[in-house]
Amino acid sequence: MSSRKLVIAIDGPAASGKSTTARLVAGRLGYLHVDTGAMYRAIALKVLRKGIGMEEKERVESLMSTTHVALKLRDGTPRVFLDGEDVTDAIRTPDVSKAVSPVSGYAEVRRAMVREQRLLGAEGGIVMDGRDIGTVVYPGADLKFFMVAGIEARARRRQKELAAKGTDQPLDAVLVDIQERDARDAGRTEAPLRRADDAIDVDTSAMTIEQQVRFVLDTVSNKLQESGAR
Ligand code: CDP
């Protein structure tokens, strides 16, 4: 394989398998993984903690000049820091999941996060997952994937993830939350969830994690061979 370091974008709706796939692919390639959803979740957590209403656009946006979100590896696992505090677990609650979509729809929030995301990938060697990576953050990414899965499969996966963290929720409730968030993410004006025209579709409904990872790695390998041969 050539040593050229690619920028790989993985976008898609909630719980479609983006982050897990991106993390494992990055690990195998020795690339950096950036979970942009975790960055927006950290902002949403701060908004909730400050008692700011999600609809209070100006107050939310004014937080950005004094907010610092960082992603760091600790003992080999990725952690999310909000103003220096490790919030990796705190950002996965249903409350944060509800607040994150409106909060991430504000232009100033997106401007600050996108700036950070572009700095992280400036040298290449990155796998970034989110909603707007292939369309807004890295429209020139070397490879773009759009990962989808049926709503049932996604709701089951998310229910299992939440249960593993001690939050038991009925499947219906998880499913409705996901549907509402997707509709909101796809319908907003700022950087809506959208498949980039040149993205490769991956439907993970019936795929195992290992199959998803393999598919992406094989595509990367082909891409590197192609560019090496040029
Ligand atoms: O893990 P899950 O699929 O639930 O979502 P996530 O990737 O953690 O993202 C949480 C939310 O952040 C999304 O529903 C979007 O509202 C927002 N987000 C965004 O606006 N842009 C991104 N690049 C990533 C996430």
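Everything discussed here concerns the structure shown above.
Remember, predicted model here, so these are calculated numbers, not experimental data.

*Asks:* Would you take a moment to explain unusual backbone geometry for this structure?
*Replies:* Glycine aside, residues mostly have negative phi angles, and peptide bonds mostly take the trans form. Positive phi values are uncommon outside glycine, yet Asp83 reaches one of about 45°. With respect to the helices and strands, Asp83 occurs in the loop between strand E4 (77–82) and strand E5 (85–86). Judged by its relative accessible area of 37%, Asp83 is partly exposed. Phi at Ala191 is positive, roughly 40°, even though this residue is not glycine. Following the sequence through the fold, Ala191 ends up in the loop between helix H8 (171–187) and strand E8 (200–203).

*Asks:* Which parts of the structure should I look at to understand the sheet that holds E4?
*Replies:* Strand pairing in a sheet relies on backbone hydrogen bonds, with the paired strands running either antiparallel or parallel. Here three strands make up an open sheet; going across it, the order is E3-E4-E5 and the pairing antiparallel. Each edge of the open sheet is held by one strand with a lone partner, namely strand E3 (69–74) and E5. Strands in contact with helix H2 (residues 36–49) are E3, E4 and E5; relative to E4, the strand with the most contacts, it is inclined by about 35°.

*Asks:* Which parts of the structure should I look at to understand the nonpolar core?
*Replies:* Generally speaking, a soluble globular protein has its nonpolar side chains buried in company with each other. Ranked by internal contacts, the top residues of the largest apolar core, which has 35 residues, are Ile43, Val69 and Met113. Elements supplying a minimum of two residues to this core: strand E1 (7–11), H2, E4, helix H4 (94–103), helix H5 (107–120), strand E6 (126–130) and helix H6 (133–137). When residues in this core are grouped by element, the largest group, eight residues, is from H2. In contact with Val69, not counting residues within four places along its chain, are Met39, Ala42, Ile43, Val80, Phe81, Leu82, Met113 and Glu116. Leu6, Ile8, Val213 and Leu217 belong to the second-largest nonpolar core, a separate cluster that totals 17 residues.

*Asks:* Help me understand the pairing of E1 in this model?
*Replies:* Each regular strand shows side chains that alternate between the opposite faces of the sheet. Taken across its five residues, E1 has five buried, putting it largely inside the fold. Where burial is concerned, the two faces of E1 agree: the one with Val7, Ala9 and Asp11 and the one with Ile8 and Ile10 are both buried. Across five bridges, the pairing between E1 and E6 is parallel. Bridge pairing in E6 links Ile8 to Val127.

*Asks:* What should I look at first to understand the packing of aromatic side chains in this one?
*Replies:* The description of an aromatic ring pair uses the distance of the two centres, along with the angle that the planes make with each other. Throughout the structure, instances matching the rule amount to one aromatic pair. A centroid spacing of 6.3 Å and a plane angle of 75° characterise the contact between Phe145 and Phe215, whose relative ring orientation is edge-to-face. One end of the pair, Phe145, is in strand E7 (residues 143–148); the other, Phe215, is in helix H9 (residues 209–229), with 70 residues separating them in the sequence. Across from the ring centre of Phe81, 4.8 Å away, lies the NZ or CZ of Lys72, which sits over that ring.

*Asks:* Would you mind going over the side chain of Ser227 with me for this structure?
*Replies:* Here Ser227 lies in helix H9. A polar side-chain atom of Ser227 sits 3.2 Å from the main-chain carbonyl oxygen of Leu224.

*Asks:* Can you help me understand the packing of H4 against H8 in this one?
*Replies:* The description of two packed helices rests on the angle between their axes and on the distance between the axes. Running from N to C, H4 and H8 cross one another at 10°; their axes reach a closest spacing of 9 Å. Considered as vectors, H4 and H8 are oriented roughly parallel to each other. Touching Ser97, Lys98, Val100, Ser101 and Pro102 of H4 are Asp177, Arg181, Arg184 and Asp185, all from H8.

*Asks:* Got a minute to help me understand helix H7 (residues 151–164) in this structure?
*Replies:* The α-helix advances 3.6 residues per turn, and as a result positions three or four apart in sequence lie on the same side. Counted at 1.5 Å a residue, the expected span for H7 with its 14 residues is 20 Å, and the 20 Å between its end C-alpha atoms agrees. Listed as buried for H7 are Arg154, Ala155, Arg158 and Leu162. When H7 is viewed along its axis, its buried side chains cluster within an angular range of 95° and face the same direction. The exposed set on the far side of H7, more than 90 degrees from its buried face, consists of Lys160 and Ala164. The inward-facing, buried residues of H7 abut H2, H4 and H8. Gly166 occupies a position one or two residues after H7 and carries a positive phi of about 90°.

Scoring rules and cut-offs
Residues numbered from 1 in each chain as written. Predicted model: local features only at pLDDT ≥ 70, side-chain atom pairs only at ≥ 80, totals over all residues. Heavy atoms only, no water. Helix = DSSP H or I, 4+ residues; strand = E, 2+ residues; numbered from the N terminus. Buried < 20%, exposed > 50% of the residue type's maximum accessible area, 1.4 Å probe, protein only. Pairing = 2+ DSSP bridges. Contact = heavy atoms within 4.5 Å. Axes fitted to C-alpha atoms, helices over the stretch in contact; angles between N-to-C directions. Core = buried A, V, L, I, M, F, W, Y, C linked by side-chain atoms within 4.5 Å. Phe/Tyr/Trp six-rings, centres within 6.5 Å; stacked < 30°, edge-to-face > 60°. Lys NZ or Arg CZ within 6 Å of the ring centre and 35° of its normal. Polar contact = N/O pair within 3.5 Å; in protein donor to acceptor, adjacent residues only side chain to side chain. Parallel < 35°, antiparallel > 145°, perpendicular 65-115°, else oblique. Expected span 1.5 Å × (residues − 1). Arc of directions from axis to C-beta.

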